[in-house]
Amino acid sequence: MNHINKSTEYWQELDRAHHLHPFTDTKSLNEKGTRVITKADGIYLWDSDGNRVLDGMAGLWCVNIGYGRKELVDAAQRQMMELPYYNTFFQTTNAPATELSQLLAEITPEGLNRVFFANSGSEAVDTVIRLVRRYWQVEGQPDRNVIISRNNAYHGSTVAGASLGGMDPMHEQSGLMMPGIEHIMQPYWYKDGGDLSPEEFGLKAAQALEERILEVGPEKVAAFIGEPIQGAGGVIVPPETYWPEIQRICEKYNILLVADEVICGFGRTGNWFGSETFGIKPDLMSMAKGMSSGYLPISAVMVGDRVADSLIEKSGEFYHGYTYSGHPASCAVAIENIRLMRDEGIVDRVRDETGPYFQKRLRELEDHPLIGEVVGYGLVAGMVMVKNKETRELFENGSEVGNICRDHCFNNGLIMRACGDRMVLSPPLVMTKAEIDELLEKVKYCLDLTAKDLGKL
Ligand code: PLP
């Protein structure tokens, strides 16, 4: 199909007639008309009217290596010519799946040596639930099936992912949620910390896990799951005291600790995985997005030795898997992506150079009349727009201010995402300092426009 020489209106019309978009109010989108993204290179996108847009979100937190990397395209093409598909069920495997397994065992923290492949973050999270529950079954404790998660967590949008996540609007719309899932408070100091210091609040938020374990009964709790930094919830960075206390509690009650690294993985926080940034030692780790930098869909669950050894020894056949688990082309792209990230020292650069620079420059916005806190690690950050900086008072309808700011960005050549009243950034990891300066200039300009609309400038 020739995409050239068609007009924006042509695509908008097709879209309006037939396309239901994810997480979108289709009626209002249809009134405005969708924006058609036609090409990309480095950190920039272009739309069908020729406008250049700086992608401050790396797609959906995933194009870590940036757009236009021919090496990834070549890897996919080579693999598709040789073996475009074969499944990994029963008795077969393929070369890229085996090599990627080994590579993932190498770059993930110690003790995570086995991998189960899937296609999306949501499927990886579903896989976590199945693995965790099967593990306790074969360990002779089938009643240990409750998984504890957090309010405002995002773990995907399948029924299992949405249930495990803590997004109220998703729970309200989807009817019956899965049983056996509990939610505790999130470690969001700026909003809920009151008079406590961040350190005190971090402990309090973690201890909510212990309280819930005791309420449910420790013999019924299978696992705790958390994103090292809550991404889609608005880039909520927990106080330093939080994760060590969570780890201590999981160990005390012999509960599996699952790190959902779908956003934090593959260099986002300045280490290969967010677990390293926060000193978390997970039993299982879900990952997706940056694994292939979004060039092809692929996800995985890394399974620690404790769980893997037990399942291999005692489970027999594990009745779980996807047609495209270990898809050869997706695996080949993921291998090439990881190879490039290593060879070009991309994660090291985020840790030592561009990450600290990005975070320092962003902190300048703490002086902005609209901005409360600015938080982040590496190349991911969130900032909250507030009614009153002194009292930390938030806007009543946070999503309205967020959407105002997001629309200003959209109209001024910048993609910055709104999560309620929090504006979040997660740009490609290949950004240079000069590009960070350009990003910051655009962010400030759009915050100023938003502040003017709200009578704060
Ligand atoms: N888990 C986390 C932490 C995520 O951020 C996401 C998506 O943003 C998911 C799971 C779901 O991933 P997907 O959209 O690929 O299903």
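Residues numbered from 1 in each chain as written. Predicted model: local features only at pLDDT ≥ 70, side-chain atom pairs only at ≥ 80, totals over all residues.

Undergrad: How do you make sense of helix α14 (residues 328-343) when you look at a structure like this?
TA: The α-helix winds at 3.6 residues per turn, so residues separated by three or four positions along the chain end up facing the same way. Along its 16 residues, α14 runs 22 Å from first to last C-alpha, staying within 8% of the 22 Å computed at 1.5 Å per residue. Summarising burial for α14: twelve of the 16 residues are buried, a large majority. Every buried residue of α14 is accounted for by P328, A329, S330, C331, A332, V333, A334, I335, E336, N337, I338 and M341. Summarising the contacts, the buried residues of α14 are in contact with α4 (70-82), α5 (95-107) and α15 (346-363). (Helix = DSSP H or I, 4+ residues; strand = E, 2+ residues; numbered from the N terminus. Expected span 1.5 Å × (residues − 1). Buried ≥ 20, exposed ≤ 12 C-beta atoms within 10 Å, placed from the backbone. Contact = placed C-beta atoms within 7 Å.)

Undergrad: Would you explain the site of the ligand in this entry?
TA: In the vicinity of the ligand, 14 residues are found, and the nearest of them are S120, G121, S122, G156 and V262. It is helix α6 (residues 121-138) that contributes the most residues to the shell around the ligand, three residues altogether. Grouping the amino acids of the shell around the ligand by side-chain chemistry returns six nonpolar, six polar and two charged. (Near = placed C-beta within 6 Å. Nonpolar A, V, L, I, M, F, W, Y, C, P; charged D, E, K, R; others polar.)

Undergrad: Help me out: how do you make sense of the environment of V235 in this one?
TA: For V235, the position within the fold is in the loop between β7 (221-226) and α11 (242-252). With 27 C-beta atoms counted inside 10 Å, the residue V235 sits in the buried group. With 192 residues separating them along the chain, V235 and P427 place their C-alpha atoms 13 Å apart.

Undergrad: Would you explain the domain arrangement of the protein chain in this entry?
TA: You'll often see interface size given as the accessible area lost when the parts meet. One can read the domain layout of the protein chain as domain 1 (35-68 + 345-453) and domain 2 (71-343). One C-alpha centre belongs to domain 1, the other to domain 2; they are set 26 Å apart. Mapped onto the side of domain 1 that touches domain 2, the elements with two or more residues apiece are α3 (58-61), α15, β11 (371-377), β12 (380-388) and β16 (422-425). Considering only residue class, the side of domain 1 that touches domain 2 consists of 17 nonpolar, nine polar and four charged. (Domains from an automatic or database assignment.)

Undergrad: What exactly am I supposed to notice about the sheet that holds strand β6 (residues 181-184) here?
TA: Hydrogen bonds along the backbone pair up the strands of a sheet, which may run parallel or antiparallel. Strands sit in the order β4-β10-β9-β8-β7-β5-β6 across an open sheet of seven strands; the sheet is mixed. Each having just a single partner strand, β4 (112-118) and β6 make up the two edges of the open sheet. Across the sheet, the axes of successive neighbouring strands diverge by a mean angle of 20°, strand direction being ignored. Note that strand β5 (residues 146-150) and β6 share four bridges and pair parallel. Note on β6: the bridge partner recorded for S149 is H183. Across the sheet, helix α13 (residues 305-314) is in contact with β4, β8 (256-260), β9 (284-287) and β10 (299-304); its angle to β10 comes to roughly 90°. (Pairing = 2+ DSSP bridges. Axes fitted to C-alpha atoms, helices over the stretch in contact; angles between N-to-C directions.)

Undergrad: Honestly, unusual backbone geometry in this entry has me stumped. Any pointers?
TA: Trans is the prevailing form of peptide bonds, just as negative phi is the prevailing case for residues other than glycine. Even without being a glycine, N152 presents a positive backbone phi close to 65°. Within the secondary structure, N152 is located in the loop between β5 and α7 (159-164). A count of 21 C-beta atoms within 10 Å places N152 in the buried class. Despite not being glycine, N254 has its phi angle at roughly 60°, a positive value. You can see N254 is positioned in the loop between α11 and β8.

Undergrad: How do you make sense of the sheet that holds strand β3 (residues 52-55) when you look at a structure like this?
TA: Across the sheet, which stays open at both edges, the four strands sit in the order β1-β2-β3-β14 with mixed pairing between neighbours. Strands at the two margins of the open sheet, each flanked by one partner only, are β1 (37-41) and β14 (414-415). Here strand β2 (residues 44-47) pairs with β3 via three bridges, running antiparallel. Residue pairing for β3: W46 is matched across the bridge by R52.

Undergrad: What is the right way to read the pairing of β2 from this model?
TA: Where a strand is regular, its side chains alternate between the two sheet faces. Summarising the sheet, β1 and β2 pair through four bridges and their orientation is antiparallel. The partner of A40 across the bridge, within β2, is L45. From the end of β2 to the start of β3, which pair antiparallel, there are four residues, and G50 there has a positive phi angle of about 85°.

Undergrad: I would appreciate a short explanation of the packing of α4 against α14 in the present structure.
TA: Between two packed helices, what matters for the description is the angle formed by their axes and the separation of those axes. Across the interface, α4 lies against α14 with an axial gap of 8 Å and an inter-helix angle of 150°. As judged from the angle between their axes, α4 and α14 are roughly antiparallel. As α4 packs across α14, the resulting crossing turns out to be right-handed. On α14, the residues touching E71, L72, A75, A76, Q79 and M80 of α4 are P328, A329, A332, V333, E336, N337 and L340. (Parallel < 35°, antiparallel > 145°, perpendicular 65-115°, else oblique. Left-handed = near helix turned anticlockwise from the far one by under 90°.)

Undergrad: Got a minute to help me understand the packing of α5 against α14 in this structure?
TA: Their axes nearest at 9 Å, the elements α5 and α14 cross at an angle of 35°. You can see that α5 and α14 cross each other, and the crossing is left-handed. Contact residues: α5 offers P96, A97, E99, L100, L103 and I107, while α14 offers P328, C331, A332, A334, I335 and I338. The residue makeup of the contact of α5 with α14, split by class, is eleven nonpolar, no polar and one charged.

Undergrad: Teacher, can you tell me more about the pairing of β3 here?
TA: Pairing between β3 and β14: two bridges, direction parallel. Looking at β14, one finds that D55 is bridged to I415.

Undergrad: Where do I start with the nonpolar core in this structure?
TA: Within soluble globular proteins, side chains that are nonpolar generally end up buried alongside one another. Within the largest apolar cluster, 131 residues are counted, with the highest numbers of intra-cluster contacts made by V128, V132, F224, L284, A300, V301 and M302. Taken together, domain 1 (35-68 + 345-453) and domain 2 (71-343) each give at least three residues to this core, which thus spans both. In this structure, V301 is in contact with V115, F116, A124, T127, V128, L131, L284, M285 and S286, ignoring residues within four places of it in sequence. (Core = buried A, V, L, I, M, F, W, Y, C linked by C-beta atoms within 7 Å.)

Undergrad: I tried to follow the environment of E9 on my own but got confused; where do I start?
TA: Within the secondary structure layout, E9 lies in helix α1 (residues 8-18). A tally of 11 C-beta atoms within 10 Å means that E9 is categorised as exposed. Along the chain, E9 and D305 lie 296 residues apart, while their C-alpha atoms are 54 Å from each other.

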